[in-house]
Amino acid sequence: MPKEAKDIKQMFLQKKPCQILLAAYRLKRPYVSALMKEADTTFAHTANILSDMESYGLIEFSMEGRAKYVRLTASGRELARSLNSVDELLGGKRVFRKIYALEKSIDRLEENLRSAIHDERSEKARRKQLEAILERANAIEAEARHYNNDALNVAMARIKERLAYLKTKIQKHETIPQDTLEKGGR
């Protein structure tokens, strides 16, 4: 007997069914025990959720030896793709992309700092570049706080460490204005 449409909506407003469907979507050959581990739930709960998903036409089962494999149907893949998009959005994937771009900017600044050119003009450009990077980092960090994501927190901590190091290096390489040298030498 097919289940009612409101039941499927209710099902996917819960965490475990979403985790199981997403795991089935992401894993190469999902089987019940692997899905259970991915969703951090019991075998019985996983089996009940999968049974409901099968009745909704989202998955099909196949047996190979003692292993029971799960295959998403076309409807299951469509729903999983949509949930995956929402999961990425809510999980901070866009912020990870910003962090990656910021890390590339930091890499370029570090490369520039290693160059042999340390005249006043170059140092001023480096300070300006560092200020822009610091500003972007602060904006990204503020955005990252909206997510409860440990990986984002670790990535931001790494960024902050790199920037603290760069601050010391760029301040160390600051050139002393020529007129200050002349006054101090007399």
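This section reports on the structure supplied with the text. Quick caveat: nothing in here was measured; it's all calculated off a predicted structure. (Residues numbered from 1 in each chain as written. Predicted model: local features only at pLDDT ≥ 70, side-chain atom pairs only at ≥ 80, totals over all residues. Heavy atoms only, no water.)

1. Some remarks on the overall build of the chain
For the chain, the count of helices and strands is nine helices and two strands. Secondary structure of the chain in N-to-C order comes out as α-α-α-α-β-β-α-α-α-α-α. By residue count, 33% of the 186 residues in the chain fall in the buried class. Taking all contacts inside the chain whose residues are at least 6 apart in sequence as the whole, residues at least 24 apart take part in 64%. (Helix = DSSP H or I, 4+ residues; strand = E, 2+ residues; numbered from the N terminus. Buried < 20%, exposed > 50% of the residue type's maximum accessible area, 1.4 Å probe, protein only. Contact = heavy atoms within 4.5 Å.)

2. So, the packing of helix α2 (residues 15-26) against helix α4 (residues 43-55)
For the pair α2 and α4, interaxial distance at closest approach is 10 Å and the crossing angle is 75 degrees. Relative to α4, the element α2 lies roughly perpendicular. Where α2 approaches α4, its residues K16, P17, I20 and L21 are matched on the opposing element by H45, T46, I49, L50 and M53. In terms of residue class, the contact of α2 with α4 is made up of six nonpolar, two polar and one charged. (Axes fitted to C-alpha atoms, helices over the stretch in contact; angles between N-to-C directions. Parallel < 35°, antiparallel > 145°, perpendicular 65-115°, else oblique. Nonpolar A, V, L, I, M, F, W, Y, C, P; charged D, E, K, R; others polar.)

3. Brief notes about unusual backbone geometry
In this model, D40 sits at a positive phi of 50 degrees, which is unusual for a non-glycine residue. Residue classification places D40 among the exposed positions, given a relative accessible area of 65%.

4. Describing the nonpolar core
The biggest cluster of nonpolar side chains holds 21 residues, and the ones touching the most others in it are F12, L50 and M53. Sorting the residues of this core by element identifies α2, α3 (32-39), α4, β2 (67-72) and α5 (74-91) as the ones contributing at least two each. A per-element tally of this core places α2 first, with six residues. The next biggest cluster of nonpolar side chains, apart from the first, holds 19 residues, and it includes L113, I140, I159 and L166. (Core = buried A, V, L, I, M, F, W, Y, C linked by side-chain atoms within 4.5 Å.)

5. Topic: the side chain of S105
Tracing the backbone shows S105 in helix α6 (residues 93-114). Leaving out residues up to four positions away in the same chain, S105 has contacts with Q129, I133 and R136.

6. Points about the packing of α3 against α4
Between α3 and α4, the shortest axis-to-axis distance is 9 Å and the interhelical angle comes to 110 degrees. Classified by the interaxial angle, the pair formed by α3 and α4 is roughly perpendicular. Contacts between α3 and α4 involve V32, S33, L35 and M36 from the first element and F43, T46 and L50 from the second. Across the contact of α3 with α4, the residue classes tally to five nonpolar, two polar and no charged.

7. Some remarks on the pattern of salt bridges
Per the counting criterion, the structure on display carries 13 salt bridges. Put simply, K93 and E88 hold a salt bridge, and the shortest N to O gap is 3.3 Å. Looking at E88, the relative accessible area reads 28%, which means it is partly exposed. With a closest N to O distance of 2.5 Å, R158 and E103 form a salt bridge. You can see R158 sitting in helix α8 (residues 150-172) and its partner E103 sitting in helix α6, a full 55 residues away along the chain. Residue E103 is classed as buried on the basis of its relative accessible area of 15%. (Salt bridge = Lys/Arg side-chain N within 4 Å of Asp/Glu carboxyl O.)

8. Notes on a nonpolar patch on the surface
Taken together, the side chains of V86, L89 and L90 present a nonpolar region at the surface, about 300 Å² in accessible area. Secondary-structure assignment places L89 in helix α5. (Patch = residues over 30% accessible without salt bridge, like charges linked within 9 Å, V, L, I, M, F, W, Y side chains within 5 Å. Areas by Shrake-Rupley, 256 points an atom, 1.4 Å probe, with all protein chains shown as cover.)

9. Details of the packing of aromatic side chains
Scanning the entire structure with this criterion turns up one aromatic pair. The interplanar angle of 70 degrees and the centroid separation of 6.0 Å between the aromatic rings of Y31 and Y69 together place this pair among those described as edge-to-face. Linking Y31 in the loop between α2 and α3 with Y69 in strand β2, this pair joins segments that are 38 residues apart in sequence. For Y69, a relative accessible area of 16% gives the class buried. Seen from the ring of Y69, R29 lies directly overhead, with NZ or CZ sitting 4.1 Å from the centre. The positively charged end of K68 is found above the aromatic ring belonging to F61, 4.4 Å away from the centroid. (Phe/Tyr/Trp six-rings, centres within 6.5 Å; stacked < 30°, edge-to-face > 60°. Lys NZ or Arg CZ within 6 Å of the ring centre and 35° of its normal.)

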